Structures are given as C-alpha cells and as structure tokens.
Amino acid sequence: MRDRLRGLGERARGSSRLAVLRLLPDAGRGSVAGLAAAIVISGLAPAAAVLVSGRLATELVAAARGGLGSPAGHRAVLAAVELAALFLAGQLGSRLSAALATSLGARVDGSLQRRAIRAVNGPSGVAHLDDPSVRDLLSRVAGVGAGGYTPGGAVAGLATRAGQSLTSGVGIVVVGFFHWWLAVALLAVNVWWGRESRRGYLAQTQVVARQTALMRRAGYLRDLVLTPGPAKEVRLFGLTGWLGDRFRAEWDSAMEKVWAARHGRRRAFAAALGGVVAVNFAAYALLAGAALRHAIGLGALVVFLRAVTLAASLNARGQQDFQIEYGLSGLPAVTAVERAARAAVAREKAVPEPVDGDRAGEGPPAGDGLELVLRGVRFGYPGADRPVLDGLDLTVPAGRSLAIVGVNGAGKTTLIKLLCRFYDPDAGTITAGGIDLRALDPYRWQRGIAAVFQDFARYELPARDNIGFGALRLAGDGAAIEDAAARAGILDALRALPRGWDSPLARHFDGGGELSGGQWQRVALARALLAVDAGARLLILDEPTANLDIRAEAAFYDQFLDITRAVTTILISHRFATVRRADLICVLDGGQVAELGSHADLLGRGGRYAEMFAAQSAQSAPAAS
Ligand SMILES: Nc1ncnc2c1ncn2[C@@H]1O[C@H](COP(=O)(O)OP(=O)(O)OP(=O)(O)O)[C@@H](O)[C@H]1O
C-alpha cells in the first residue's frame, strides 16, 4: 500500500513537472527559446572549461621550459583566454537563465492565478465556496503551507537543475574516459541520491497538503492579530497572547507531521549520501593512484579531477528540490479547484428540466419590473439536517415592493440568495416574468439585479469605483455616479475626501479616507441605485438602513417610492418604520409565508405581524415620549 502510494506520488510529481512545462510556451515562446539556449550555455560552458583547463595545465608545464614566447606559451595564453571566455559565457548564461526562468515563472504563476479566479467565479452560485475542501484547495493555490514557493518558482528551480544536469552529465562522460565503470557508478549514485532527495520533499509536500485545514485555521488565528479589522476587540479583550498561543500550537501540530515525514526518510537519505561519498572518494583515490603511478599526465589529471567535481555538482540540490517540489505542489490544487468548479457548474445545469426549456440562456423578459412567483420552494444548505425554506409560496407583483419580516434565522436572506441564483431550490420553482430562473442565463439574470446586502462589500478602492461597480457600463460616467451618490446622501462626504473621487476608501492607502458605518451603507445604496439607473429590474435591500441615523433613514424613505418606481423591490428589515412603506409585507415563519398583505391589512388581522409591530411600537414609545 505504501509503495502504491509512493508510486502514485511519483507519478503525480512527474505529471506536475510535465504540466508546468506545458504552461511555458503560453508564457512566451521567445523567452522559452532564450531560456533553453541560456541553459545549454550555462550547462556546457563549465564542462568545456574542464577540458580547456587540462590543456592549459599541459601547455603551462611546457611553457615553463620554453617561456611565454614559445609555441607552448602561446597555446597556454590562448587556453587562458578561452577559459576566461568560457567563464564569462557560463556566468552570462546562468544569469540569463535565472532572469528568463524567473520572469517565465512569474507569468506561469499569473496565469495559474487567473485560472483559479476564472474557475472560482465560473459557477453563478456560491455553494462551492461554502465547501471546506474547496477553501482548502484555494489556500493551497495561494501557497499556504508551501513556504511561499509557487509553481512559477519551480520553473526557476527546474531551469537551474537542467543546467546543472547538463554540466554533471558532461562531467560523467569525461570520467568515462578514465574508467567507464566509475562513470556508471557516479551516475548511479547521483540518480539514487537525487531520487531520495526528491522523495523526501515529495513526502513532505503530501503531508503538507493533508494539513491544509489545520494550517488554514492556524493562519486565520495569526491574521486575527495581524489585521486591523479585529484589532479593537483583540486589544480590548486582551486576546493577543491567547491567539498567539493557539496559533503556535496549531501550526506546530501541523508542522510536526511534516517534520516526521522528513525524519521518516532519513535512513534512506543517509544511505544514498553514503553511496555518493564512497564513489567520489573512490574516484579521487583512483586518480591519485594513477597520478602516482604516472599512468596519466598532468593535463589528464586536471581534467579528470575537475570532471569528478562537475559530476558531483548535481548533488548541491537540497534547496532546489525544496523549491521544485514545494512549488509544484500548488499545481494539482489549481486543477482540483477547476474540477470542483466544473462540478458546481454541472450541478447548476443538472437541475430538473426548465419549465420553458427553449428559452434557456436568455435574459428575463422585457418590460417594467418583473413578477416573481415562488411555488412550493424547499431549500436547505448542504449538510444541514433541516430545510430553511419548506414549501414556500409567494408572489411579488411586477414593479411593486415587498417587505419580508421574520425572526432571526427565519430564512429572509436565504430567500433572496435563491432569487439571485446563488443557490437553486431543492424543490419547487421560482419564475420571473413567467420564466423559470433555471431557464435563464444566470449571468444575465444576475446582472439585472441591484442589491444592498446585509454584509455588503467595502471595496478598498477609489470612491468612484465603489459606486461604479453597480453598473460597469456607467462606471466612467461621472454625472451618473454623482447623481447616485447625491440620492444616497453621500455626495458631499465623498467629495471632501483627500483626493475626492480618486481617494481609496481605506486610510492605509496613500490619499485614502475612512468612512463611518453609516457612510459605507450610503455608498452601498448609491451602488445599487446606479445599477437601477443602468436598467436593473429587481432591487434587493437587505437591512439597507440598519446603520443610518434617524434623519438619514427618513430621508431615504422619503424617496423610497421614487427609487423603487417601476422596479420590483424586495426589502428585508426588522424596523417597522421601514417595512410599512412597502406595498406588500410577508411574514416568514417555519420556512413558509405565515402572513401576507399590506401594513393596514396585517394590522387589521391582529396576527403575528400586528403582535411584532405592537411590541416594537411599545419599545419605542417611551423613548419618543
Ligand atoms: N451559507 C450557509 N450555510 C449553512 N447554513 C446557513 C448559511 N447561511 C445561512 N445559514 C443558516 O440558514 C438559516 C437562515 O439564515 P438567514 O440568513 O436566511 O436568516 P435571516 O432570516 O436572514 O436572519 P437574520 O434576521 O438574522 O438576518 C440560519 O439558521 C443560518 O444559520
């Protein structure tokens, strides 16, 4: 079993090498050709220098007798010049090889990162991002556990290795002219030691890959004390020591297994190293013996001595093997992320027959607003034992506003995630304008939604982009962005930033500005308003005014009807002052619609809505009085 695993590991390593080499032409054919030439020059120049140095030694002995002016002296000078030229060529070759391999490696890393980004964003849904194994893979793509070594770094290591192998190969061939069996022995021990060195690092990288979850958690604990987000609580609650200790314990526990993997191979490694030492010692002893017996001349002695040294140069490989094996270990993670993303896309496409199959891939039907109809919708998160929504029926009339209320965890946000097609229902249907969402092109559907999520994004990018992201086609339209900002009540604050619209919304960037929680929420609102201006026909507002002060909230709802005109709007809020403005209100409970009607209807019914409204009014009344 162990051997089988080792065999699999060896094959995986081999295929990773081929896979990374296959990426090179796309990174730049000219650079690859240049790199190949540089490797040959850097590999052969030292080998050629060995042969020339033998000639130089011989000619120098002769020149010692005849002087530099003698023919032997001329040949010695010529050999010295050749040596200098070869030295220069070797140096230039290895520098060029390092520069080209580094830049090709950077391009390979860039293209792998782009592949991972494309894969992660391939599915229209987000279920794959909830999957811990996908998150583990993503952290391996980012180099977690690989000591910062990347597949691109492995390219640099492989280039150096190729040059050294060439040098070493020529050294072994030259030794073959002394004793063929000595060359065979040198080759054998080099291969043996090389395999052991690689296997050792490969075993480590395999253990590292299995420790990703632990390392990811350890990394999270470390980031809690390194990043500004949690800094306030970390200080206030005095968590630094506790988090630091937990980080060290978890990191050490992951690394102990890695170190154990390394120690597990130390006997095999020592045996191979012993073989290398013994054969090299034998080679030097044989050469010394031949020289003492005058069986070889000075020139040949110099050549063979240097050839043995060259043959062994491949053995200076520890750091490179580390760089190569750790670097390559990120490559299978990229392909595994792509596989997981393809499976997620296939699952999205594998939903039952669309109601209107021949419209698949289209956008939603044209017209003002969209009627949304949910029938018998059931949905539970992967791995959960109970569904969040269970047989939910609801109709949101086109161009009208619907508010959803319900206790924490009732499933309000989940419902809008289904409307956005971040997830598909396990059963039942959702239609927009009469067409099943699954029959629509998910990307076009999502582009037609404007949303302020409860956990909206705070982009640490210029203020202009923070609003422009609502509709990329309007992102360059300063007037449209200013208008959206004005309606969201954030125009003056953004204009007052150190660099105005160009200011990144983060103090830790040069010229950046910091916004308050409420100001951030206004930016998110402006973003959604821009999306509506650009033609979004479904507006989703999940607690859109939770961070606004009373005046700002009132100002927002004064223009609520104007904002939501001709757009189907879904509003989630725990604040009844907000909710009562909607045309329709639905109370979500037990995964179903418990009550549905206008504010006045529901109050008149005296049910759960009336109860919740009364409770909230009673709480605010003393404050108001
Ligand atoms: N990505 C997820 N994976 C697994 N369970 C989830 C996920 N998101 C939410 N849940 C669970 O689904 C249930 C409904 O959550 P949801 O966010 O829809 O509630 P909500 O009504 O919006 O609550 P709140 O009023 O607190 O915002 C909760 O029990 C929550 O733990």
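Residues numbered from 1 in each chain as written. Predicted model: local features only at pLDDT ≥ 70, side-chain atom pairs only at ≥ 80, totals over all residues. Heavy atoms only, no water.

Under the annotation held in an unreviewed UniProt entry, the protein carries the name ABC transporter ATP-binding protein and is attributed to Rugosimonospora acidiphila. The Subcellular location (unreviewed entry) field of the UniProt record for the protein holds the comment "Cell membrane". (UniProt positions renumbered as here; feature names shortened; annotations may be inferred.)

Draft legend 1. Focus on the sheet that holds strand β1 (residues 372-379). With antiparallel pairing, 4 strands are arranged side by side in an open sheet as β2-β1-β4-β5. Every interior strand has two partners, whereas the edge strands, β2 (389-396) and β5 (435-436), have only one. Of the strands in this sheet, β1, β2 and β4 (427-432) are in contact with helix α15 (residues 412-419), which crosses β1 at around 115 degrees. (Pairing = 2+ DSSP bridges. Helix = DSSP H or I, 4+ residues; strand = E, 2+ residues; numbered from the N terminus. Contact = heavy atoms within 4.5 Å. Axes fitted to C-alpha atoms, helices over the stretch in contact; angles between N-to-C directions.)

Draft legend 2. Local environment of the packing of aromatic side chains. For the structure shown, the criterion picks out 14 aromatic pairs. Each ring, one from Phe178 and one from Phe304, has its centre 5.1 Å from the other, and the planes form 40 degrees; the classification is tilted. Residue Phe178 is located in the loop between α6 (151-176) and α7 (180-210), and its partner Phe304 is located in helix α12 (residues 298-312); the two are separated by 126 residues in the primary sequence. Note on accessibility: Phe178 and Phe304 belong to one class, buried. One aromatic cluster is present, built from ring pairs that chain together Tyr149, Tyr201, Phe322 and Tyr326. (Phe/Tyr/Trp six-rings, centres within 6.5 Å; stacked < 30°, edge-to-face > 60°. Buried < 20%, exposed > 50% of the residue type's maximum accessible area, 1.4 Å probe, protein only.)

Draft legend 3. Main features of the packing of helix α2 (residues 29-66) against α6. Remark: α2 packs on α6, axes separated minimally by 8 Å, with the N-to-C direction vectors making an angle of 30 degrees. Here α2 lies roughly parallel to α6, going by the angle between them. The way α2 lies across α6 gives a crossing that is right-handed. Along its contact with α2, which presents Leu35, Ile39, Val40, Ser42, Gly43, Leu44, Pro46, Ala47 and Leu51, the element α6 presents Ala159, Ala162, Gly163, Leu166, Thr167, Val170 and Val174. Along the lines of polarity and charge, the residues of the contact of α2 with α6 split into 12 nonpolar, 4 polar and no charged. (Parallel < 35°, antiparallel > 145°, perpendicular 65-115°, else oblique. Left-handed = near helix turned anticlockwise from the far one by under 90°. Nonpolar A, V, L, I, M, F, W, Y, C, P; charged D, E, K, R; others polar.)

Draft legend 4. The arrangement of empty space enclosed by the protein in detail. Under the counting rule described, the total for this entry stands at 3 cavities of 30 Å³ or more. Counted as a void, the second largest cavity has a volume near 40 Å³. Asp424, Pro425, Thr429, Ile430, Asp436, Leu437 and Arg438 are the residues that line the second largest cavity. Each residue belonging to the lining of the second largest cavity can be placed in one class, and the counts come to 3 nonpolar, 1 polar and 3 charged. (1 Å grid on protein atoms, 1.4 Å probe; cavity = no way out; pocket = protein on both sides within 12 Å on 5 of 7 lines; lining within 4 Å. Points joined across faces, edges and corners; volume = space filled by probe spheres on them.)

Draft legend 5. Seen up close, the layout of surface pockets. Of the volumes computed, that of the largest pocket is approximately 1500 Å³. Around the largest pocket, the lining comprises 44 residues; the ones closest to its centre are Phe422, Gln446, Arg447, Ile449 and Phe453. When residues in the lining of the largest pocket are grouped by element, the largest group, 5 residues, is from helix α16 (residues 442-447). When residues are assigned to domains, the lining of the largest pocket turns out to be shared by domain 3 (363-448 + 569-625) and domain 4 (451-536), each giving three or more. (Domains from an automatic or database assignment.)

Draft legend 6. Representation of the side chain of Asp441. With respect to the element layout, Asp441 can be found in the loop between β5 and α16. The buried charged residue Asp441 lacks any salt bridge, with Arg444 as its nearest oppositely charged partner at 5.0 Å. Within the structure, the side chain of Asp441 is placed 2.9 Å from the backbone nitrogen of Tyr443, a separation counted as a polar contact. (Lys, Arg positive; Asp, Glu negative; His and termini not counted. Salt bridge = Lys/Arg side-chain N within 4 Å of Asp/Glu carboxyl O. Polar contact = N/O pair within 3.5 Å; in protein donor to acceptor, adjacent residues only side chain to side chain.)

Draft legend 7. Local environment of the site of the ligand. Taken together, the neighbourhood of the ligand is formed by 15 residues, with Gly409, Gly411, Lys412, Thr413 and Thr414 sitting nearest. Between the ligand and His574, the relevant distance is 3.0 Å, taken from an oxygen atom to a side-chain nitrogen or oxygen of the residue. Isolated, the ligand exposes 640 Å² of accessible area, and the fraction of that covered by the protein chains is 64%. Per element, the largest residue contribution to the shell around the ligand is 4 residues, and it comes from α15. Per-class residue counts for the shell around the ligand are 5 nonpolar, 7 polar and 3 charged. (Near = heavy atom within 4 Å. Areas by Shrake-Rupley, 256 points an atom, 1.4 Å probe, with all protein chains shown as cover.)

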